[in-house]
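Coordinate analysis (summary)
Letter by letter, the chains look like this.
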Amino acid sequence: MRFGDKETAMSLPHVERKESDDTHTVRVGDALFGSKEIVIISGPCAVESAEQVKQIAELALRTGTKVLRGGIFKPRTSPYSFQGLGRKAIEILRNAADEANLPIVSEVMDSSQVDEYESIIDMLQIGSRNMHNFSLLKRVGKSNRPVLLKRGMSATLEELLNAAEYIMNEGNDQVVLCERGIRTFNDFSRNTFDLTIIPKIKQVSKLPIIADPSHGTGDREMVIPVARAAIAAGADGVMIEVQYNPDKALSDSTQTLYPEQLVALVEDIRKIAPAVNREFK
Ligand code: PEP
Ligand code: MN
């Protein structure tokens, strides 16, 4: 398999693209990742209250969001920061999503959480900090739930694809990749959103890839332009942090959109999608 100017001896049979039309689709509720359709995932960084998630689920329906996000367990840099509501959050998220008839995506941080919650979470998210957690990758590989695999913040393309191969090698072929920004010497944003990985993934892999411009920039003023660029570059969807009163969010406040910003972004996606031979309904 060839990555950039480097040839690797190791082949990755599950993730490699062998023919140009060899695309792989992953269904989550009404969303079909990797098809012509652009998929929007939106919701708060973390589940904070029933009222917060109920309002956001209504916004999700209004904006054509197909999958509702919300952190139940939060992998925070500091052990003293808000860690998520855990079990209570699952109930809140599940109830709001059922009412809106939407599937949910949420992060699982270890194998025991998969054992406990895989029957409740429609799509299991592997966070950036866990992309190299091989026992967790193998565990979700044994699940029948689709997996959203986020790129490690210092992971190469090859490492990301190997992480996906770990999952698929256990039997679960429902993997969607997510670019969420990497660490560079850039001193003006939380991470450097690596737009270039999107067309590269499309060249070398058959897996769908979505963009997370929220963690990719850390700044709500940059989220919309970067989301637009990602769709134009061939991303299969975007994951956006949004909530009412984002300034009071318990985590990732500065990158969380105001609801009207999500509405504006969706209008932009509606215009960009047909220009790059995609659909957004
Ligand atoms: C998230 O999407 O909730 C998250 C914590 O993102 P990341 O793992 O990319 O930091
Ligand atoms: Mn977040």
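That block above? That's the structure.
1. A look at the side chain of Thr63
- Summarising the element assignment, Thr63 is placed in the loop between helix 1 (50-62) and strand 6 (67-69).
- Given the relative accessible area of 3%, Thr63 is considered buried.
- Here the side chain of Thr63 touches Leu59 through a polar contact of 2.9 Å, landing on its backbone oxygen.
- Side-chain polar atoms of Thr63 contact the side chain of Thr65, separated by 3.2 Å.
- Beyond its immediate stretch of four places on either side in the chain, Thr63 contacts Leu262, Val263, Val266 and Phe280.

2. What about the coordination of the manganese ion (ligand 2)?
- Around the manganese ion (ligand 2), the protein supplies Cys45 (SG), His215 (NE2), Glu241 (OE) and Asp252 (OD) as donor atoms, at distances of 2.0 to 2.4 Å.
- Sequence spacing of the donors to the manganese ion (ligand 2): C-x169-H-x25-E-x10-D. In this pair, His215 sits in helix 7 (residues 213-217) while Glu241 sits in strand 12 (residues 237-241), placing the two residues 26 residues apart along the sequence. For the pair formed by His215 and Glu241, the shared burial category is buried.

3. Regarding the pattern of salt bridges
- Under the counting rule described, the total for this entry stands at 21 salt bridges.
- In this structure, Arg87 engages Glu116 in a salt bridge whose closest nitrogen and oxygen atoms are separated by 2.3 Å. You can see Arg87 sitting in helix 2 (residues 87-100) and its partner Glu116 sitting in helix 3 (residues 111-117), a full 29 residues away along the chain.
- Overall, the relative accessible area of 38% leaves Glu116 in the partly exposed class.
- The residue Asp122 makes a salt bridge to Arg145 at a minimum N-O spacing of 3.9 Å. Within this pair, whereas Asp122 is found in the loop between helix 3 and strand 8 (123-126), its partner Arg145 is found in the loop between helix 4 (134-141) and strand 9 (147-150), the two being separated by 23 residues in sequence.

4. Brief notes about the layout of surface pockets
- Size it by volume and the largest pocket reaches roughly 260 Å³.
- As for the largest pocket, its lining consists of 20 residues, and the residues nearest its centre are Pro75, Arg129, Arg180, Arg190 and His215.
- Partitioning the lining of the largest pocket into residue classes produces 3 nonpolar, 7 polar and 10 charged.
- One number sums up the size of the second largest pocket: a volume of about 170 Å³.
- Among the elements of the structure, helix 1 and helix 2 are those that each provide at least two residues to the lining of the second largest pocket.
- Counting residues per element, the lining of the second largest pocket draws most heavily on helix 2, at 6 residues.
- Among the residues making up the lining of the second largest pocket, the classes are represented as 6 nonpolar, 1 polar and 4 charged.

5. Considerations on the environment of Arg69
- Structurally, the position occupied by Arg69 is in strand 6.
- With a relative accessible area of 3%, Arg69 lands in the buried category.
- Between the C-alpha atoms of Arg69 and Ile240, which are 171 residues apart in sequence, the distance is 8.5 Å.
- Polar side-chain contacts of Arg69 include one of 3.0 Å to the backbone oxygen of Pro44.

6. With respect to the site of ligand 1
- Every residue lining ligand 1 is accounted for by Arg69, Lys74, Glu107, Gln125, Gly127, Ser128, Arg129, Lys150, Arg180, His215 and Met239.
- Lys74 has a polar side-chain atom sitting 3.0 Å from an oxygen atom of ligand 1.
- Interatomic distance of 2.8 Å between a backbone N/O atom of Ser128 and an oxygen atom of ligand 1.
- In the complex, the protein chains occlude 97% of the 290 Å² of accessible area that ligand 1 would expose alone.
- One can see that ligand 1 is located within the largest pocket.
- When its residues are assigned to classes, the shell around ligand 1 shows 1 nonpolar, 4 polar and 6 charged.

7. Quick look at empty space enclosed by the protein
- Taken as a whole, this structure holds 1 cavity of 30 Å³ or more when the rule is applied.
- There is about 40 Å³ of room inside the largest cavity.
- What lines the largest cavity is simply Cys45, Arg69, Gly70, Gly71, Lys74, Val105, Ser106, Glu107 and Gln125.
- Broken down by element, the lining of the largest cavity gets its largest block of residues, 3 residues, from strand 7 (residues 104-107).
- Its residues assigned to classes, the lining of the largest cavity comprises 2 nonpolar, 4 polar and 3 charged.

Parameters at a glance
- Residues numbered from 1 in each chain as written.
- Chains lettered and ligands numbered in written order.
- Predicted model: local features only at pLDDT ≥ 70, side-chain atom pairs only at ≥ 80, totals over all residues.
- Heavy atoms only, no water.
- Helix = DSSP H or I, 4+ residues; strand = E, 2+ residues; numbered from the N terminus.
- Buried < 20%, exposed > 50% of the residue type's maximum accessible area, 1.4 Å probe, protein only.
- Polar contact = N/O pair within 3.5 Å; in protein donor to acceptor, adjacent residues only side chain to side chain.
- Contact = heavy atoms within 4.5 Å.
- Donors = N, O, S within 2.8 Å, 3.2 Å for Na, K, Ca; no water.
- Salt bridge = Lys/Arg side-chain N within 4 Å of Asp/Glu carboxyl O.
- 1 Å grid on protein atoms, 1.4 Å probe; cavity = no way out; pocket = protein on both sides within 12 Å on 5 of 7 lines; lining within 4 Å.
- Points joined across faces, edges and corners; volume = space filled by probe spheres on them.
- Nonpolar A, V, L, I, M, F, W, Y, C, P; charged D, E, K, R; others polar.
- Near = heavy atom within 4 Å.
- Areas by Shrake-Rupley, 256 points an atom, 1.4 Å probe, with all protein chains shown as cover.
- Sits in = over half its atoms within 2 Å of the grid points.

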